[in-house]
Amino acid sequence: MLVNASFEKLDGWNLYHLGEQVAVNVEDRATGALATLDETALRFYSEWHVFQSGVYQSVRVTSGTPLKLSAWSFFFASSRSASLSDNQVRELYTRFRVGIDPTGGFEPRSDKITWNAVGGDMLWKQAEVSAVAQAEEITVFVEAQVGKDWPMQIMAAHFDKCVLVVGDEQNPVETSGEAAYYLDVPAFRIAVRRGVPVG
């Protein structure tokens, strides 16, 4: 249903930034040091800049169809070091949210979007939302906000494993596993297991 739902590339997704986002970097390619819930993830990161950024994609459906959107996120922020033990993301305002515009609009500020949010965290975390299509095309949104009033030296958010369930489709989202995942930016490398940080 979705194009490139696992963010193997940016193909199919449109980027957006809310606010002053000139310092936000975006990466969508796999490297030997980056393995997430799948082989790759979409990463937003900045240095000494808060950000609110996301992606959206339009999908053709039948009007009146029930919809359920879910995605995973992992956040990191620190002014101390690159060590996972120094992840200070819980000291910042963070938000990971997914949304559906059942009318097919592309504006992330629209009041027509049904959103659901969870706090960004140092563990992989899932958000999901439901809506009913009101047109033959709907738009899905995945968004992260890292920081609000003051930044840290390293600020990053990953998106992965986005799933759109349409109607009565059976398409469960994976919620367990033991594979190790890595986050790599120029300043640091950290590793986590789903739900459990590892050194």
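Notes on the structure in this doc start here.

About the thresholds
- Residues numbered from 1 in each chain as written.
- Predicted model: local features only at pLDDT ≥ 70, side-chain atom pairs only at ≥ 80, totals over all residues.
- Heavy atoms only, no water.
- Salt bridge = Lys/Arg side-chain N within 4 Å of Asp/Glu carboxyl O.
- Helix = DSSP H or I, 4+ residues; strand = E, 2+ residues; numbered from the N terminus.
- Buried < 20%, exposed > 50% of the residue type's maximum accessible area, 1.4 Å probe, protein only.
- Polar contact = N/O pair within 3.5 Å; in protein donor to acceptor, adjacent residues only side chain to side chain.
- Contact = heavy atoms within 4.5 Å.
- Pairing = 2+ DSSP bridges.
- Axes fitted to C-alpha atoms, helices over the stretch in contact; angles between N-to-C directions.

1. Re the pattern of salt bridges
Move 1: Enumeration over the complete set of coordinates arrives at 6 salt bridges.
Move 2: The salt bridge involving R80 is made with E91; its shortest N-O contact spans 3.5 Å. Linking R80 in the loop between β5 (66-78) and β6 (94-101) with E91 in the loop between β5 and β6, this pair joins segments that are 11 residues apart in sequence.
Move 3: On the accessibility criterion, R80 (54% relative accessible area) is exposed.
Move 4: Its relative accessible area of 45% is what places E91 among the partly exposed residues.
Move 5: The shortest N-O distance in the salt bridge between E107 and R109 comes to 3.8 Å.

2. Considering the side chain of N4
Move 1: Summarising the element assignment, N4 is placed in the segment before β1 (14-17).
Move 2: Assessed through its relative accessible area of 17%, N4 is described here as buried.
Move 3: Of the polar contacts made by the side chain of N4, one reaches the backbone oxygen of D11; its length is 3.4 Å.
Move 4: Residues within four places of N4 in sequence aside, it is in contact with K9, L10, D11 and W13.

3. Structural notes on the side chain of Q57
Move 1: Positionally, Q57 belongs in strand β4 (residues 51-60).
Move 2: Within polar-contact distance, the side chain of Q57 engages the backbone oxygen of G12 at 3.4 Å.
Move 3: With residues near it in sequence (within four places) discarded, Q57 still touches L2, V3, G12, W13, I138, T139 and V140.

4. Overview of the sheet that holds strand β7 (residues 114-118)
Move 1: Read from one edge to the other, the open sheet built from 5 strands follows the order β1-β4-β9-β6-β7, with strand pairing classed as antiparallel. With partners counted over all chains shown, the strands left at the sheet margins are β1 and β7, one partner each. Strand-to-strand twist of the sheet, defined as the mean angle between neighbouring strand axes without regard to direction, takes the value 20°.
Move 2: In this structure, β4 lies alongside strand β9 (residues 137-146), joined through 10 bridges in antiparallel fashion. In the sheet register, R60 faces β9, and the bridge partner there is E137.

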